[in-house]
Number of protein chains: 2
Amino acid sequence: MTYCVGVLVEQGLVLIADTRTNAGLDDISTYRKLTTLAVPGERVLVLASAGNLALSQSVLGLLAEGLRNDETGEPETLQTVPTLFQAALLIGRAIRQVRALEQAALEQANLRFDVTFLFGGQIAGGPMELYLVYSAGNFIRCGPDAPYLQIGEHKYGKPILDRAVRYNTDLYEALKISLISMDSTMRSNIGVGLPIDLAIARRDAFAFEVLHRIEPGEPYFHDLSERWSAALRAAHKSIPRPPYGQEPS
Amino acid sequence: MTYCVGVLVEQGLVLIADTRTNAGLDDISTYRKLTTLAVPGERVLVLASAGNLALSQSVLGLLAEGLRNDETGEPETLQTVPTLFQAALLIGRAIRQVRALEQAALEQANLRFDVTFLFGGQIAGGPMELYLVYSAGNFIRCGPDAPYLQIGEHKYGKPILDRAVRYNTDLYEALKISLISMDSTMRSNIGVGLPIDLAIARRDAFAFEVLHRIEPGEPYFHDLSERWSAALRAAHKSIPRPPYGQEPS
């Protein structure tokens, strides 16, 4: 299992990803799911993957080697694509190429072709954007009305995003809310776990402002989890008693 | 879609269920999913169902008509079973009887045999209990370590239950937390919606203390939702800024 969330606010982009993979409950490992690419002053790109690890690694492998551009005949990579939209198309093409190679054999083994990507960043001359690329290779781009996208085990961590993230939310507040969303997911699904990789890119900076891995036991994240639990307990206690039935004796 | 949650605390039992059913997004209706049965002073039972509405109605229909007890030859109903454990077995038998009748035809129509029940209460001489009966007719009983069970769209509303409900939680606090869990689910899944039916039974009272339907626009529930949103915003604001990257300028 996996949980990754990206938030695109006015000030910039936050992307966080857990690192737990499992081939059954008895085979759990740590793999980095966040991939970053920066050409300072020119482009900043970040990808996070969910689904079958063999598939996401194959897609990333293809992207690193480059896919042939049919017009120019040259191999195209995330280093060379001129726009984010072209980058999303390229990731979609890589997924479809892997599907053509793998799907039949996976189906024979009763496995689903399951791989999705969050992908965001900015290339000079264009806007900062955040995409979700599906396993069919098609994609959506998030907008200011719901300025976040999730992949993997997304349900446990969605309520806090729905209530707290707005397009004008401060960048580090967006990171904090993402970490709360991650913490809620980790509490309910042991297939999602520490360490957490995070990337922050400010709009028009064309460089990462933060690239960090939160390791188990890191005081800030531990404190955030404790404070959030305490705040939730205080929050529900502050709501009046339901007006049904007997008054408390 | 459906969301039902039952909480069994020291003081008693809370069971709440939404009422939305849908056969596709373009065919949404309101159906009661909560069924209650009380013989004052002797037994109090409550069921909530999720899954295919035709199946849950068939199971409830069988339970109302009674299933033949092979030892006595008499029809057995929830009015006559001597213990809650026997009641859970009876519900499981009803599910299996419906499965024997329906599964083949459902499979031909590419439909899954999908029906689950929450079931709780107390029969004189026995303890108060809460069960989850699966579509295979088997069941689990909740214990004090995790004193709640859910059916239907359970993920959005689970984090608050995990953090806030304990076995010694006050009965009406348990109701409040269940309503927050329901509200979180309704915000994220339009397949879950008002009205909400709720039942409360205090331990050893052998009668319902509350049977109530929360209709759209009811002030308490509207206020709970608003206060919860405001409290969550205040809660994440009270957590310190993540210590990564630049200090805020």
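Up top is the structure.
Everything numeric here is computed off the predicted structure, so don't read it as measured data.

J.: Before we go on, may I ask you to explain the overall build of chain A in this structure?
T.: Each helix and strand counted, chain A has five helices and 14 strands in total. Against the compact-globule benchmark of 18 Å for 249 residues, chain A has a radius of gyration of 20 Å, which places it among compact chains. Viewed in the frame of its principal axes, chain A has a C-alpha envelope of about 80 × 45 × 35 Å. Across the 249 residues that make up chain A, the buried fraction comes to 53%. Within chain A, counting contacts between residues at least 6 apart in sequence, those at least 24 apart form 62% of the total. By element, 51% of the accessible surface of chain A is carried by carbon and sulfur atoms, the whole surface being about 10800 Å².

J.: Please explain the sheet that holds strand S14 (residues 208–214) of chain A as it appears in this structure.
T.: The strands making up a sheet associate through hydrogen bonds between their backbones, and the pairing can be parallel or antiparallel. Residue and element names in this part refer to chain A. If you trace the five strands from one edge of the open sheet to the other, you get S12-S1-S2-S13-S14, paired in antiparallel fashion. What marks the edges here is a single partner per strand, and that holds for strand S12 (148–152) and S14. Direction aside, the axes of adjacent strands within the sheet are offset by 10° on average. Where strand S1 (residues 3–9) and S12 come together, five bridges link them in antiparallel fashion. Residue Tyr3 lies in a different strand from S12, and its bridge partner there is Gly152. Of the strands in this sheet, S1, strand S2 (12–18), strand S13 (196–202) and S14 touch helix H4 (residues 171–188), which is tilted by about 20° from S2.

J.: Explain the packing of aromatic side chains here, please?
T.: Two descriptors summarise a pair of aromatic rings, namely the distance from one centre to the other and the angle between the planes of the rings. On inspection of all chains with the given rule, the structure shows eight aromatic pairs over all chains. Measuring from centroid to centroid gives 6.0 Å for A:Tyr220 and B:Tyr244, while their planes differ by 80°, and the two rings are edge-to-face. In this pair, A:Tyr220 sits in helix H5 (residues 219–237) while B:Tyr244 sits in the segment after helix H5 (219–237), so the two residues belong to two different chains. For A:Tyr220, a relative accessible area of 10% puts it in the buried group. Seen in terms of ring centroids, B:Phe85 and B:Phe139 are 5.8 Å apart; in terms of plane orientation they differ by 75°. Their pairing is edge-to-face. Taken as a pair, B:Phe85 in helix H2 (residues 84–108) and B:Phe139 in strand S11 (residues 139–141) lie far apart in primary sequence, 54 residues in all. On the basis of relative accessible area, B:Phe85 is assigned to the partly exposed category, the value being 41%. Put simply, the rings of A:Phe85, A:Phe119, A:Tyr131 and A:Phe139 touch in pairs and so form one group of aromatic residues. Over the ring of A:Tyr172 we find B:Arg241; its NZ or CZ atom is 3.8 Å from the centre of that ring.

J.: Help me understand helix H2 (residues 84–108) of chain A, please; the structure alone is not making it clear to me.
T.: Think of an α-helix as 3.6 residues a turn; residues three or four steps apart then line up on the same face. All names here are of chain A. Under the 1.5 Å per step criterion, the end-to-end length of H2 is 36 Å for 25 residues, consistent within 8% with the ideal 36 Å. At Glu102, H2 shows its maximal kink, close to 50°. Just past H2, the residue Asn110 takes up positive phi, approximately 60°.

J.: Explain the sheet that holds strand S13 (residues 196–202) of chain B to me, please; I cannot follow it from the model alone.
T.: All names here are of chain B. Read across the open sheet, the five strands follow the order S12-S1-S2-S13-S14; overall the sheet is antiparallel. Strands with a single pairing partner mark the edges of an open sheet, and in this sheet they are strand S12 (148–152) and strand S14 (208–214). Strand-to-strand twist in this sheet, taken as the mean axis angle between neighbours without regard to direction, amounts to 10°. Against the sheet, helix H4 (residues 171–188) contacts strand S1 (3–9), strand S2 (12–18), S13 and S14, and its axis sits at roughly 20° relative to S2.

J.: Help me understand the relation of the copies chain A and chain B, please; the structure alone is not making it clear to me.
T.: The operation relating the pair of chain copies consists of a rotation about an axis and a translation along that axis. In the superposition of chain A on chain B (RMSD 0.0 Å, axial shift 0.0 Å), the rotation amounts to 180°. In short, the pair behaves as if placed about a two-fold rotation axis. The position closest to the rotation axis in chain A is occupied by the C-alpha of A:Tyr156, lying 2.4 Å away. When the interface residues of chain A are mapped onto chain B, 100% of them again fall at the interface, so both copies present the same face.

J.: Any chance you could explain the pattern of salt bridges here in plain terms?
T.: When the charged atoms of two side chains with opposite charge come close together, those side chains can pair. According to the stated counting rule, one finds 28 salt bridges over all chains in the structure shown. Measuring nitrogen to oxygen at the nearest pair gives 2.8 Å for the salt bridge that ties A:Arg213 to A:Asp197. Placement of A:Arg213 in strand S14 and of A:Asp197 in strand S13 is noted, with a sequence separation of 16 residues between them. Classification of A:Arg213 as partly exposed rests on a relative accessible area of 28%. Between B:Glu173 and B:Lys176 there is a salt bridge, and its shortest N-O distance comes to 3.2 Å. Here B:Lys176 and B:Glu173 lie together in helix H4, a separation of three residues that amounts to about one turn. Because the salt bridges share partners, they merge into one network encompassing A:Arg32, A:Asp197 and A:Arg213.

Cut-offs applied
Residues numbered from 1 in each chain as written. Chains lettered and ligands numbered in written order. Predicted model: local features only at pLDDT ≥ 70, side-chain atom pairs only at ≥ 80, totals over all residues. Heavy atoms only, no water. Helix = DSSP H or I, 4+ residues; strand = E, 2+ residues; numbered from the N terminus. Rg over C-alpha atoms; globule rule 2.2 N^0.38 Å. Buried < 20%, exposed > 50% of the residue type's maximum accessible area, 1.4 Å probe, protein only. Contact = heavy atoms within 4.5 Å. Areas by Shrake-Rupley, 256 points an atom, 1.4 Å probe, with all protein chains shown as cover. Pairing = 2+ DSSP bridges. Axes fitted to C-alpha atoms, helices over the stretch in contact; angles between N-to-C directions. Phe/Tyr/Trp six-rings, centres within 6.5 Å; stacked < 30°, edge-to-face > 60°. Lys NZ or Arg CZ within 6 Å of the ring centre and 35° of its normal. Expected span 1.5 Å × (residues − 1). Bend = angle between axes of the 7 residues up to and from the residue. Least-squares fit on C-alpha atoms with pLDDT ≥ 70 in both. Salt bridge = Lys/Arg side-chain N within 4 Å of Asp/Glu carboxyl O.

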